[in-house]
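Chain and residue survey
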Amino acid sequence: MSKKRNINTILAQAGIKSDQATGALTTPLHFSTTYQHPEFGQSTGFDYTRTKNPTRATAEKTLAAIESADYALATSSGMSAIVLAFSIFAVGSKVLAVRDLYGGSFRWFNQQEQEGRFSFTYANTEEELIHHLDNDPVDVLYIETPTNPLMLEFDIAYLAKLAHAKGAKVVVDNTFYSPIYQRPIEEGADIVLHSATKYLAGHNDVLAGVVVTNEADLYDKLFYNLNTTGAVLSPFDSYLLIRGLKTLSIRMERSTENARKVVEFLKTSPQVKEVLYTGKGGMVSFKIQDEKKIPNLLNSLQVFTFAESLGGVESLITYPTTQTHADIPAEVRHSYGLTDDLLRLSIGIEEADDLIEDLKQALEA
Ligand SMILES: *Cc1c(COP(=O)(O)O)cnc(C)c1O
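The structure displayed is predicted, hence computed values, not measured ones.

1. Observations concerning the pattern of salt bridges
Inspection of the entire model under this criterion finds nine salt bridges. For the salt bridge of Arg-333 with Asp-340, the shortest nitrogen-to-oxygen distance reads 3.0 Å. Asp-340 carries the same exposure label as Arg-333, and that label is buried.

See the structure below:
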């Protein structure tokens, strides 16, 4: 075994020296869907790209390493990563999930519930999660931390211990912090997944997902199901993901630095009622005093782009009520604090003063 290097080194050197045939420094992009058998009954390790592709395998190796996991599977999107993770749980499984979820996850969970595949219990707070873990049967604990968009944090290590005592598996969506700030496998999670579309790829030009685990039996089932259903990451997108991963740590560092400055400004603005920020990462939510001003604010911004998604080098502003969380019924959203006065920022790597200036003029417009 080679020495495990620091995450910054693993990221910067993602995919290098992976091609022994030519010595190419960066990873080659293998478009071939099929691979010649050297002889009858023999394989190079690659037969057909749905099963395994060299460029995707290089991405997966890096993704596993940065999450402190033995195995990773790269999928066509974050949603397909979630669907893949749940594909290994028996029909009828009882899922306990945090309430404040990515809207697309909630939409899919709801559909699973309606179609009778899984049943879901939601908890708003850590206390509620602990209460359910203590009192109800649970097969799967599903955690997003920090949550989207309320930025609540959950103690993965503590909850994983309680869940495991009940024989439940722990799944964590680690999209918001990325392994720079949080490595749930080290805290006891069984499966960690990402929308790699966000921080991991980082440039708003790749749709991708990843599922990682340390458990060989879970990996075997996940691999079997992914090969069977085929929602794998394409070679080209795998290449772009590797390219993006190389700068993950400096992008995260700069986003955090910028986000802290933006938060300082927002806290002093008379137009802002409340700022939600955990202190690290690039995701910031805030509630505005006068929600009627939201359309004007969104139209006035010039440096921020009004768009869905997050985690890229460019700063975005999202209105969850009409965008990412529109599929959650208003009364459900309002019941847990996702009110219509909330805006979400994904802080990129621009100059902080330009971001602050832009928010200032738009809030006053
Ligand atoms: C975007 C997102 C997803 C879905 O990922 P896609 O790549 O858009 O399919 C899942 N979870 C979180 C937290 C997200 O932000």
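2. So, the domain arrangement of the protein chain
Partitioning the protein chain into structural domains gives domain 1 (7-247) and domain 2 (249-364). On a C-alpha basis, the centres of domain 1 and domain 2 stand 27 Å from each other. At the interface, 32 residues of domain 1 touch 33 residues of domain 2. When domain 1 packs against domain 2, the two sides together hide about 2800 Å² of surface, and 60% of this comes from carbon and sulfur.

3. With respect to the site of the ligand
Every residue near the ligand is listed here: Ser-77, Gly-78, Met-79, Tyr-102, Asp-173, Thr-175, Ser-195, Thr-197, Lys-198, Leu-207, Ala-208 and Leu-310. Within the side chain of Asp-173, an N or O atom sits 2.7 Å from a nitrogen atom of the ligand. Here Thr-197 contributes a side-chain N or O atom positioned 2.6 Å from an oxygen atom of the ligand. Here the ligand loses 93% of its free accessible area of 380 Å² to cover by the protein chains. Here the residues of the shell around the ligand are counted per class, giving five nonpolar, five polar and two charged.

4. Some points on the packing of aromatic side chains
Inspection of the entire model under this criterion finds 15 aromatic pairs. Ring geometry for Tyr-71 versus Tyr-219: centroids 4.4 Å apart, planes at 15 degrees, classification stacked. Residue Tyr-71 is found in strand E1 (residues 71-75), and its partner Tyr-219 is found in helix H8 (residues 216-229); the two are separated by 148 residues along the sequence. Judged by relative accessible area, which is 24%, Tyr-71 ranks as partly exposed. One aromatic cluster is present, formed by Phe-86, Phe-89, Phe-106, Trp-108, Phe-109, Phe-118, Phe-120, Tyr-122 and Tyr-142 through successive ring pairs. For the cation-ring pair, Lys-52 lies above Phe-46, with the distance from its terminal atom to the ring centre recorded as 4.9 Å. One cation-aromatic arrangement involves Lys-198 over Tyr-102; the distance from NZ or CZ to the ring centre is 5.1 Å.

5. Examining the packing of helix H3 (residues 78-86) against helix H4 (residues 103-114)
Remark: H3 packs on H4, axes separated minimally by 10 Å, with the N-to-C direction vectors making an angle of 40 degrees. Compared by their axis directions, H3 and H4 come out oblique. Between H3 and H4 lies a crossing of right-handed hand. Note on element contacts: H4 touches H3 through Gly-104, Ser-105, Trp-108 and Phe-109, opposite Met-79, Ile-82, Val-83 and Phe-86.

6. Topic: the sheet that holds strand E7 (residues 209-213)
Spatially, the seven strands line up as an open sheet ordered E1-E7-E6-E5-E4-E2-E3, and their pairing is mixed. Edge positions in the sheet fall to E1 and strand E3 (119-123), since each has one partner strand and no second. Sheet twist, expressed as the mean angle between neighbouring strand axes with direction ignored, is 20 degrees. As defined by bridge partners, strand E5 (residues 169-173) adjoins strand E6 (residues 191-195) across three bridges and the pair is classed as parallel. Within E6, the position partnered with Asp-173 by the bridge is Leu-193. Contacts from H3 reach E1, strand E2 (94-98), E3, strand E4 (140-144), E5, E6 and E7 within the one sheet, and its direction differs from that of E6 by about 160 degrees. Set on the sheet, helix H5 (residues 126-135) makes contact with E2, E3 and E4; between it and E3 the angle comes to about 140 degrees.

Rules behind the numbers
Residues numbered from 1 in each chain as written. Predicted model: local features only at pLDDT ≥ 70, side-chain atom pairs only at ≥ 80, totals over all residues. Heavy atoms only, no water. Salt bridge = Lys/Arg side-chain N within 4 Å of Asp/Glu carboxyl O. Buried < 20%, exposed > 50% of the residue type's maximum accessible area, 1.4 Å probe, protein only. Domains from an automatic or database assignment. Contact = heavy atoms within 4.5 Å. Buried area = accessible area lost by both parts, 1.4 Å probe. Near = heavy atom within 4 Å. Polar contact = N/O pair within 3.5 Å; in protein donor to acceptor, adjacent residues only side chain to side chain. Areas by Shrake-Rupley, 256 points an atom, 1.4 Å probe, with all protein chains shown as cover. Nonpolar A, V, L, I, M, F, W, Y, C, P; charged D, E, K, R; others polar. Phe/Tyr/Trp six-rings, centres within 6.5 Å; stacked < 30°, edge-to-face > 60°. Helix = DSSP H or I, 4+ residues; strand = E, 2+ residues; numbered from the N terminus. Lys NZ or Arg CZ within 6 Å of the ring centre and 35° of its normal. Axes fitted to C-alpha atoms, helices over the stretch in contact; angles between N-to-C directions. Parallel < 35°, antiparallel > 145°, perpendicular 65-115°, else oblique. Left-handed = near helix turned anticlockwise from the far one by under 90°. Pairing = 2+ DSSP bridges.

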